[in-house]
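Observations on the three-dimensional arrangement
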Amino acid sequence: MPEFDNAAIAAMLDGMGDLLEVAGEDRFRYLSYHKAAHAVRAWPEDLSTLAEEGRLTEIPGVGKKLAVSIGQILETGSFPEYDAVKASFEPTLVRIMDIPGVGPKRARLLYEQLGVKSVDDLETALQQGRLVGLAGFGEKTIDNIASGIESARRHSERILLQDALPLATRLADELRRLPSVERAEPAGSVRRWQETIGDIDIITSSKQPQAVMDEVCKLPMVVRVLGSGGTKTSIMTTAGLQVDVRVVDPAEYGAALQYFTGSKEHNVALRERAKRAGLKVSEYGVFRVSDGERLGGETEDEVYRLLGLPTFPPEIRLGIGEIEAADEGRLPKLLRLQDIRGDLHGHTTSTDSKATLEDNRAKAAELGYDYIAVTDHAFNLRMVKGLEPERIREQWAAVDRLNAEGEGPVILKGIELNIAEDGSVDYDEELLAGFDLCIASLHGGFRDPGEKVTQRLLRAMENPYVDIIGHPTGRILGRRNPMDLDMDAVLRKAGETGTIMEINAYPDRLDLNDTHIRMAKRYGVRFSIGTDAHATEQMNYMPYGVATARRGWLERRDVLNAQPLETVRKWLKRAKVVGRATAGEHRARER
DNA sequence: GCCGTTTTCGGCCCGACTGTTTTCAGTCG
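Described below are features of the structure shown in this document. (Residues numbered from 1 in each chain as written. Chains lettered and ligands numbered in written order. Predicted model: local features only at pLDDT ≥ 70, side-chain atom pairs only at ≥ 80, totals over all residues. Heavy atoms only, no water.)

In this section: the overall build of chain A. If you tally the helices and strands in chain A, you get 24 helices and 17 strands. In terms of overall dimensions, chain A is globule-like: its C-alpha atoms have a radius of gyration of 27 Å, near the 25 Å expected for 591 residues. Considered along the principal axes of its C-alpha atoms, chain A spans approximately 95 × 60 × 50 Å. The buried share among the 591 residues of chain A stands at 53%. Summarising the internal contacts of chain A: among those between residues at least 6 apart in sequence, 67% fall at separations of at least 24. Carbon and sulfur atoms make up 49% of the accessible area of chain A, which amounts to about 26,800 Å² in all. Each charge sign in chain A was given a centre, from 79 positive and 93 negative side chains, and these centres are 2 Å apart. (Helix = DSSP H or I, 4+ residues; strand = E, 2+ residues; numbered from the N terminus. Rg over C-alpha atoms; globule rule 2.2 N^0.38 Å. Buried < 20%, exposed > 50% of the residue type's maximum accessible area, 1.4 Å probe, protein only. Contact = heavy atoms within 4.5 Å. Areas by Shrake-Rupley, 256 points an atom, 1.4 Å probe, with all protein chains shown as cover. Lys, Arg positive; Asp, Glu negative; His and termini not counted. Charge placed at Lys NZ, Arg CZ, Asp CG, Glu CD.)

Right, let's get into a negative patch on the surface. A contiguous patch of negative charge on the surface is contributed by Glu3, Asp5, Glu451 and Asp484. Summarising the element assignment, Glu451 is placed in helix α19 (residues 450-462). For Glu451, a relative accessible area of 58% corresponds to the exposed category. (Patch = residues over 30% accessible without salt bridge, like charges linked within 9 Å, V, L, I, M, F, W, Y side chains within 5 Å. Salt bridge = Lys/Arg side-chain N within 4 Å of Asp/Glu carboxyl O.)

Taken in spatial order, the three strands make up an open sheet running β8-β9-β10, and their pairing is antiparallel. The outermost strands of the open sheet, each flanked by one partner alone, are β8 (279-282) and β10 (294-296). Pairs of neighbouring strands in the sheet enclose a mean axial angle of 30°, with direction left out of account. (Pairing = 2+ DSSP bridges. Axes fitted to C-alpha atoms, helices over the stretch in contact; angles between N-to-C directions.)

This paragraph deals with the nonpolar core. In terms of nonpolar packing, the biggest core is built from 59 residues, with Ile415, Leu417, Tyr427, Met501, Phe527 and Ile529 touching the most fellow members. Contact partners of Phe527, with chain neighbours within four places excluded, come to Ile500, Met501, Ile503, Leu512, Ile517, Ala520, Lys521, Leu554, Asp558, Val559 and Leu560. (Core = buried A, V, L, I, M, F, W, Y, C linked by side-chain atoms within 4.5 Å.)

With that settled, the discussion passes to empty space enclosed by the protein. Taken as a whole, this structure holds one cavity of 30 Å³ or more when the rule is applied. Of the pockets and cavities examined, the largest cavity occupies roughly 40 Å³. Around the largest cavity sit Asp343, His345, Gly346, Asn360, Ile372, Ala373, Thr531, Ala533 and Met539, which together line it. Residue classes in the lining of the largest cavity are distributed as four nonpolar, four polar and one charged. (1 Å grid on protein atoms, 1.4 Å probe; cavity = no way out; pocket = protein on both sides within 12 Å on 5 of 7 lines; lining within 4 Å. Points joined across faces, edges and corners; volume = space filled by probe spheres on them. Nonpolar A, V, L, I, M, F, W, Y, C, P; charged D, E, K, R; others polar.)

Another aspect to go through is the protein's contact with DNA strand B. Around DNA strand B, the surrounding shell holds 36 residues, and the nearest of these are Gly63, Gly101, Gly138, Tyr259 and Glu272. When atoms of DNA strand B within 4 Å of the protein are split into backbone and base, the sugar-phosphate part holds 74%. Here Tyr284 contributes a side-chain N or O atom positioned 3.2 Å from a phosphate oxygen of DNA strand B. Listing elements by their share of the surface near DNA strand B, those giving two or more residues are α2 (27-42), α4 (64-76), α6 (104-114), α8 (139-154), α13 (264-276) and β8. Here the residues of the surface near DNA strand B are counted per class, giving 13 nonpolar, 10 polar and 13 charged. (Near = heavy atom within 4 Å. Polar contact = N/O pair within 3.5 Å; in protein donor to acceptor, adjacent residues only side chain to side chain.)

Direction vectors running N to C along helix α20 (residues 487-497) and helix α21 (residues 514-522) enclose 50°, while the axes themselves pass 9 Å from each other. It follows from the interaxial angle that α20 and α21 lie oblique. Crossing handedness for the pair α20 and α21: right-handed. Counted together, Met487, Asp488 and Leu491 of α20 and His516, Met519 and Ala520 of α21 form the full contact between these two elements. Classifying every residue of the contact of α20 with α21 by side-chain character gives four nonpolar, one polar and one charged. (Parallel < 35°, antiparallel > 145°, perpendicular 65-115°, else oblique. Left-handed = near helix turned anticlockwise from the far one by under 90°.)

Put into structure tokens, the structure is as follows:
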């Protein structure tokens, strides 16, 4: 019986919601499954624990019925209602709803009339001309579905934030320079610093909307104009990314920015709350329901203020309880980029980086850091010339020389250890004790059974010289799935042993992710945000790590490298071991 | 299916576009 973690349960609830939608069920019934799935996915505790303690209904959107269903998923891997719907409709059928223009009604019609069960089936039916004459399928609709299949295939993979954010920022800058434009900002998932992006949204305000739309089409980065109307223009850029630029009246700018920033779930929660207060929120402003009067919407601050709420940082607009937290005064004071005082994960030319120790220190100085750690690969990672003990001692001597110069950020002697099959790490204890800090990471066995990789990590965390676990789940966005870890056990162990969890800021890792961070915080875990730079310019990745931490509701006090150097040393596990040994030696000498 | 500072029943976010229609359903964000 495979274990069902929160993500797996959420996926099953979403699947149920999709199938109920195709089945023509009541809208609110299938939405309740999606709503519960969203809450489950973000819930910071393992649902198996909640189930044991009978607390499943504490999750918003999970009532008596769904609590039973979730219990059944945990025990049997499914639940009867899901099995029943699956018997009537092919689970692959829901995938055709990913095609623009195909929703539940058309999906069902295609299934019942033509026996279409998948995207491939649909494409075949289309080529054979079998859609012609189907009720509600005119010529235009059929054309749109044909191009929809193509674009769904092309856009199935999402773009890394790293690729989307610079483009969105540059485009907003260019738009702001246009005489017709008053304000312009990226909205959507880019503004929320979501790890991957579907498409880019830019909001502009202007008194001459048509002029803005015309200018957008003429921008140098435009390859093709996909569509342009009075309020929205869609373009394909030279980088192959689709961008929607919207223009609104200056008085509506805040409401539009708020609305298009989302997330959808945040907006729904916001509107529900507004409604209870006799207000209505839309992309045009905030209105009083009783007389329809518009109360405001020129700025985002105004929108939130009218609702009696603070302006939420975009990163936490996820609809996972932030509004309730604000009402109860529980909103965190989020970590900021300027709180970061150093970077504790980075490599040099001694192993597989393009940068030298001096390069890294110079870059750290440029970034205004107080300290930096060199954490090259340890011996057992042979493919990148992991360091032998002699070369470590050479590096330490080099670090001592640079630190003795007394200029620039302090360099800490670190290492990125490899966690072996049995959970042990490189080197002997004496050498390990000589480092200022040790990161330990898994560099293989990513597809091993969950039990095995979990045990490896747990064992490593018991090691008193392992201060930090690097990129804990091993995922690489778009290329490698996270390991099948029991994250609840891992993060609990981190809390128990005082092992710091890394938030790897490398844009295709962002590992831990926001959900795991919230889970870990409940166990009192502390975090280190490291760029894992293999070239000096990659030290610029820190904002991606900070944004991930913010999405995980972290504050300055949760983060190791947001502390002064003395505190960094105190938080490391070795402060106890090495500190105790030193104190012991000291006492011995006194006798 | 969930939920309650009007409610344990009757609601459940808001608006726009498109296409195929004669007043609106389906889809989307």
